[in-house]
Each structure stands twice: as structure tokens, then as C-alpha cells.
Amino acid sequence: MEKAYYSKYVELAEKYGTYSLYDYYNIKDGYLGYSYLNGVCVVNLMDFNGDGIQDLLVIYSNKQMDKIISDGSDLEVYELPTENTYEFEIWTYKDGGLLEILHEPGVSLCYTYPNQTSDFWLVYYRNFINIYENEHGFPVIQIYDESDQGCKYTNIFYSDGKIVRDELVSDGGSLQMNGLEVAETIWSENVAGYNKIVLSTLLADSSHTSSSLFTGYNIDYNNTLLQTKRVIKYLSGEDETQVVPNFHVEEGEYISLYLEEIERANRLCSDKEFTEEHYFTLYDINQDGISELILYESTYGAGTHFHFYTIMNGELINCGDYGRTNLYFNDEGGLIAYFGRMGGYQIDKITLEDGAIVITEIAEGNTQEEYPELEEYGYNNYQYLPFCPPAIPLTIYTYSQE
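The text that follows walks through the structure, step by step, so that each part is easy to find. Quick caveat, the model's predicted, so the values are computed rather than measured.

Quick notes on the rules
Residues numbered from 1 in each chain as written. Predicted model: local features only at pLDDT ≥ 70, side-chain atom pairs only at ≥ 80, totals over all residues. Heavy atoms only, no water. Helix = DSSP H or I, 4+ residues; strand = E, 2+ residues; numbered from the N terminus. Contact = heavy atoms within 4.5 Å. Pairing = 2+ DSSP bridges. Axes fitted to C-alpha atoms, helices over the stretch in contact; angles between N-to-C directions. Phe/Tyr/Trp six-rings, centres within 6.5 Å; stacked < 30°, edge-to-face > 60°. Buried < 20%, exposed > 50% of the residue type's maximum accessible area, 1.4 Å probe, protein only. Lys NZ or Arg CZ within 6 Å of the ring centre and 35° of its normal. Polar contact = N/O pair within 3.5 Å; in protein donor to acceptor, adjacent residues only side chain to side chain.

Side note on the environment of Lys8
Turning to its location among the elements, Lys8 is positioned in helix α1 (residues 2–16). Between the alpha carbons of Lys8 and Trp91 there is a distance of 8.8 Å; along the sequence they are 83 residues apart. Residues contacting Lys8, with those up to four places away along its chain left out, are Leu56, Trp91 and Leu98.

Here's the deal with the sheet that holds strand β8 (residues 97–104)
Here we have 4 strands laid out as an open sheet, ordered β3-β4-β7-β8, and antiparallel in their pairing. The sheet is open, and its two borders are formed by β3 (40–46) and β8, each paired with just one other strand. Shown here is a sheet whose adjacent strand axes are inclined to one another by a mean of 20°, direction ignored. As judged from the 6 bridges shared by strand β4 (residues 55–61) and strand β7 (residues 86–94), these two strands associate in the antiparallel manner. Within the sheet, the bridge partner assigned to Leu56 lies in β7 and is Trp91. The strands touched by α1 are β3, β4, β7 and β8; relative to β4, the strand with the most contacts, the crossing angle is about 5°. This element, helix α4 (residues 221–236), spans β3 and β4 of the sheet and lies at about 60° to β3.

Points about the packing of aromatic side chains
The description of two aromatic rings rests on the distance between their centres and on the angle between their planes. Tallied over the entire structure, the rule returns 21 aromatic pairs. Both rings, one in Phe48 and one in Tyr158, keep their centres 5.8 Å apart while their planes meet at 85°; by these two values the pair is edge-to-face. Placement of the pair is Phe48 in the loop between β3 and β4 and Tyr158 in strand β12 (residues 150–159), with a sequence separation of 110 residues. For Phe48, a relative accessible area of 0% gives the class buried. Judged by relative accessible area, Tyr158 falls into the buried class, the value being 16%. Cluster of aromatic residues (ring-pair linked, three or more members): Tyr217, Tyr279, Tyr296, Phe306 and Phe387. When the ring centre of Trp91 is taken as origin, the NZ or CZ atom of Lys8, which lies over that ring, is 3.9 Å away.

Some thoughts on the environment of Asp166
Along the polypeptide, Asp166 turns up in strand β13 (residues 162–170). On the accessibility criterion, Asp166 (10% relative accessible area) is buried. A C-alpha to C-alpha distance of 5.1 Å links Asp166 and Asn155, two positions 11 residues apart in sequence. Beyond its immediate chain neighbours, meaning those up to four positions away, Asp166 contacts Tyr153, Thr154, Asn155, Phe157, Met177, Asn178 and Asn190. At a separation of 3.1 Å, a polar atom in the side chain of Asp166 contacts the side chain of Asn178.

As C-alpha cells, this is what we get:
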């Protein structure tokens, strides 16, 4: 089986190339750059059809790119991934040979807000894939797509010996599943009601370099490339341990509670006028072993607003909100909220007690010079708290990994 899977990988790699990361950085016109994975960039094993045999999952770039030419003072050609750049296939081993179970011409896609350069507008895409496991033990490949009218989730999974496709559409006015209007509980259960994440990875971001993704959102392409390399090495027979090095699987009852709140908040946020961004992160504020969910929404003119949640007795608890600021952490518990604008500044410490956030003022004032450093108040080694795009549960997927 491993030899057959390795042969399929080699066949695809000869056609599309081996896994690699492409980074483009440009400081002209305020445009920082973009990044994406090339070639056969994801290789993993999982039992997709529930027959007890590990199936081969491969995701690759078919090299279909949008070429955007800037004819300003300096000629620039941008090659950006589109909604058609990535495909994935699933193969199984049967009767001594390979059988294709699934071939999809696209992955999940969301749009980032365009950045205006001096002479043209760039339309940005973010390509990714999420795979969960349902209550019956079958992997659920979820394809996300969004538009001005709303968003659509397509769940692809095995049931009763065949592939099922459930389409869930939110258009701002109703929630539909396979063309029929459904209650929010049914919608939420099918979109986010999973307690096991089999795989989650970003494939491309047309508005961030790999370094800015890592700094701002704690997203690291290298995790995906390293894991893919390990699986390929195992299939080739070079791995003498004979332990299947599948991608990390994250499991826990907290996952569905947080995913459902992220999805609900994102859906409501997308319906609001002037909403610019909506992201999330996990951080254990009181260091009790339970990471809190922190959502933020950034709106034009109103700044950033944070919403804090935790889990108590198996239920999601709203711990409170905090207004416009930036958040910083140092792995010792608690958060520092630091906001400065037009010479004025406010510094608070945020802690968690009995399921509610507690705000303690550190400093407040005005200055005509540089804003004070946190070290001046005895708060050392603090760094910016990174957040993750809401449609990609990477924070939940990776938070327990080193």
C-alpha cells in the first residue's frame, strides 16, 4: 500500500512539482507581498471511507495563477493564486491497486480586503482546507466559500457506503441546508459541531508574506511542509520507525463550543455594515489549563472590540468585553491592554476571576514624546497577541503543539 501511494505522489510531483513555499515581498506603493505553497504541498493518510484502510490525501497547486501587471513607474508582474489554483484527491488501496475516491477542483476560499496601490486594485484570496471528524468517526472535508451575498459551506464525507455532499448557505436572511431553510441549531451542528480536527492548514494568502502571517496570526507554512515531508518519507520506505506520521489531530469537547461561537460571531459580524475584520485566538488567561477564546472585530471609526469566552462545566461562558486597544502577553497569565492615540494612552491589565474578566488600570496619561514602554511599569517580555482568521481554526488546531 505504501509503495502504491508513494508512486501516486511521485506521479503528481512530476506533473505539478514538489512541495515548496513562495514568498514575494515588495515595499513599493504600500503593498507588502504575498505567499503560497507550490507543488504537491499536502500529503496525509486518513481513513476517509471508514473501511479500516488508510487512504491517501494529496493537495497540489495546478499552477493556475492570476497575472496582474502594474504599469506604473516600475513594471511589476504579480502572480497570485485564484479560486482555481488548488485541487485535492483521495486515493485508496484495493485489490492490490489504487482506486480514486474523490477529486475536487478547489479548496476553501475567502477574500481579504483589497489594498489600493498607486495604479490598480488587487483582489486578494486566502486559500485553505479544514478536515474534521463527525460523531460517526468519518472525516468531513469542509469547503468554505464566501461572496457579497453571504457564505457557503460544503461538507464532503462518507455515509452508508457513498459520498455525501451537504451544502449549507447563509445569505444574511436565512440559513439553508441542501436548499431547505433550517434552524440555527441544525446549521451550527453541521458547520461547526465537531470535537475533532483532523487537519487544518493555510495554502495561500495574497496579502501577507510568510513572516507577516507568523508574526500577526501565528500561521506557519513550515508546519505543513515539514509534516508533508515526514509522510512522504514514510511512504518511500526511508522512515525506519514504521510509525505512520499523520498530521496532528486535535480533539476535545471544547472544540465544538468554540467553533460554534466563532462561526456565529463571524456570521453576525459579516452582516454588520462597515465591519472590516473579525479574528480570534486562544489564550489561557488565568493559567488553569483551559484556554480562553478571544474574538475581536475591527470596524471603521470604532476601532477594535474584544469579546472573551471560557468553558465552565462543559458550557460556553461569556466573560465580558473590552474596547479599543492592542493586547500583549508573556506566557505567565493575564493580558496587557495598551492603547495609544493622538498622544493619549491607556494601559490596563486583564485577568480572569470566576468566569469574568477583571480590569486593573496600570497607567493613563498624555505625552508629546514617545509612548511609555511596558518595562517602565515592571511588565517585561510582553509581545503582541496573534490572532487567526475566523474561517480557519488553526489556533484551535495547533494551540497544544510546541
